[in-house]
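# Fold and geometry: a report
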Amino acid sequence: MATLEGKIYACGGANFNFAFSSVEAYDLQKNRWHSAPPMKRARAFHDVVVAHGCLYALGGAEMQNGQIANVQASVEKFCPQTNHWTIIKSLNLPAWGIRAAVNERPRDQDVDVYIVGQFVVGSDYGAIARLCLGDDDTYMLVRVPYVDEPSPRIQAGVVILP
C-alpha cells in the first residue's frame, strides 16, 4: 500500500489461494475507492514504494492453490500521468516477503530503496539490500553489509527515521 497524489493505492496481494494483479485506489478527497489499472504481474508478499512521482512494485510471488510459486525479481512502475504500469527492470534476484523504505537523495535526484526480506538462497544477499533508483529508471542493487547476519524474515516493518 502506498500514497501518491492524494490517493492510497492497494496493489496486488492474495487470498488463501491465489495472488492478484488488481489495484484499487482510495481518493482521500472524494472519500471512495475505485479500480485502477492492474499490474502486469500478479504479486503477493511484495512491497510498493513511491519515488520520482510514481509507484514501484518490488518483487513478490505468485500463489497457486495456496502455495508460493514463481518468486518475482521484477520491478513495475505505475505513472499516474499515463495511468499505466510498465515492467522496468529486474532486481536480478528473486525476492519475496519484502518490505521497503525510501530514502531520497536531493543532491543527485536518486532514491535509495532499502529492502528487507527473503532473497533467493545462495545469492549472498542475506536479508537486506539497497536498490538505487535514478529518475531515468536506471538502477543498481547493492548488498548491505552487516556485522551479524540478520535472521531470515518476511513482511518485517521497515522505516527510515529522520
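This text goes with the structure placed above it.
Here's a quick rundown of the structure.

Before going further, it helps to examine the packing of aromatic side chains. One pass over the structure, following the stated rule, counts 4 aromatic pairs. Consider the rings of Y9 and F78, whose centres lie 5.7 Å apart with planes at 55°: the pair is tilted. A residue pair is termed long-range when its members are at least 10 positions apart, and Y9 in strand β2 (residues 7-11) and F78 in strand β9 (residues 74-79) qualify at 69 residues. An angle of 85° between the planes, with centres 5.8 Å apart, marks the rings of F45 and W96 as edge-to-face. Residue F45 is located in the loop between β4 (32-36) and β5 (47-51), and its partner W96 is located in strand β11 (residues 95-105); the two are separated by 51 residues in the primary sequence. Classification of F45 as partly exposed rests on a relative accessible area of 27%. Taken together, the aromatic side chains of Y9, F78 and W85 make up a single cluster linked through ring pairs.

For the rest of this paragraph, the subject is the pairing of β5. Within β5, 4 of the 5 residues are buried, which leaves it mostly tucked inside the rest of the structure. Pairing between β5 and strand β6 (residues 54-58): 5 bridges, direction antiparallel. Paired with V48 across the bridge in β6 is A57. The hairpin turn running from β5 into β6, its antiparallel successor, is 2 residues long, and H52 in that turn takes a positive phi close to 55°.

Cut-offs applied
Residues numbered from 1 in each chain as written. Predicted model: local features only at pLDDT ≥ 70, side-chain atom pairs only at ≥ 80, totals over all residues. Heavy atoms only, no water. Phe/Tyr/Trp six-rings, centres within 6.5 Å; stacked < 30°, edge-to-face > 60°. Helix = DSSP H or I, 4+ residues; strand = E, 2+ residues; numbered from the N terminus. Buried < 20%, exposed > 50% of the residue type's maximum accessible area, 1.4 Å probe, protein only. Pairing = 2+ DSSP bridges.

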